[in-house]
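# Survey of secondary and tertiary structure
Residue-level listing of the chains:
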Amino acid sequence: HQAGFFYGNFDSIFKKHSGKDLSYNNFLDIDSAINLIKDFENEPPTFAILKHNNTCGIATRNQIEDAYEAALSSDPISAFGGILTSNQIIDMETAREINKLFFEVLIAPNYSDSALDLLKSKKNKSKWNMKSHFKSKSYTTNWNQLLIVK
């Protein structure tokens, strides 16, 4: 992975819970993931999986676990090593399913305590949550102009 640097205060947008440093591709994928999931901010539980700036799956269901499973079923091969994002809090049931997949980054509004403990057990997977002021649909990232390759 190519090292990347975010010019700005990434911590003002996200809170890191665990995991490794982000690569250049991770930053690009996170930008795409956030711009996609923010369209579902006030919608029923929605889960999206992206890899290399492309959506592998997205689904809306009554429960976030069901949304995750439906999104994953769209393209489980491409989802491997992808960026996962949700518009809902990740609960323990969903965390158990997510933990079966190798992913680079998981972004959600928040996590239940038990879900976060389980997800933190995989050290190289990065877990983040969006801070509330970033979730507004009026915010547009355009990170391509802010990323610097090391």
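The shown structure was predicted, so the numbers you read here are calculated from the model rather than taken from an experiment.

### Remarks on the overall build of the protein
- What the protein contains, in helices and strands, is five helices and eight strands.
- For the protein, the sequential pattern of α-helices and β-strands runs β-β-α-β-β-α-α-β-α-β-α-β-β.
- In the protein, buried positions account for 47% of the 150 residues.
- Contacts in the protein between residues at least 24 apart in sequence constitute 50% of all its contacts with a sequence separation of at least 6.
- Counting every atom, the protein has about 7,400 Å² of accessible surface; 48% of that belongs to carbon and sulfur.

### Some remarks on helix H2 (residues 64-74)
- Inspection of H2 places Ile64, Ala67, Tyr68, Ala70, Ala71 and Leu72 among the buried residues, and these make up the whole buried set.
- Considering only its buried residues, H2 is in contact with strand S3 (46-51), strand S4 (54-60), helix H3 (76-79), strand S5 (82-86) and helix H4 (92-98).

### What about the pattern of salt bridges?
- Per the stated rule, a full pass over the model turns up one salt bridge.
- The residue Glu97 makes a salt bridge to Lys100 at a minimum N-O spacing of 3.0 Å.
- Classification of Glu97 by relative accessible area gives partly exposed; the value is 22%.

Quick notes on the rules
- Residues numbered from 1 in each chain as written.
- Predicted model: local features only at pLDDT ≥ 70, side-chain atom pairs only at ≥ 80, totals over all residues.
- Heavy atoms only, no water.
- Helix = DSSP H or I, 4+ residues; strand = E, 2+ residues; numbered from the N terminus.
- Buried < 20%, exposed > 50% of the residue type's maximum accessible area, 1.4 Å probe, protein only.
- Contact = heavy atoms within 4.5 Å.
- Areas by Shrake-Rupley, 256 points an atom, 1.4 Å probe, with all protein chains shown as cover.
- Salt bridge = Lys/Arg side-chain N within 4 Å of Asp/Glu carboxyl O.

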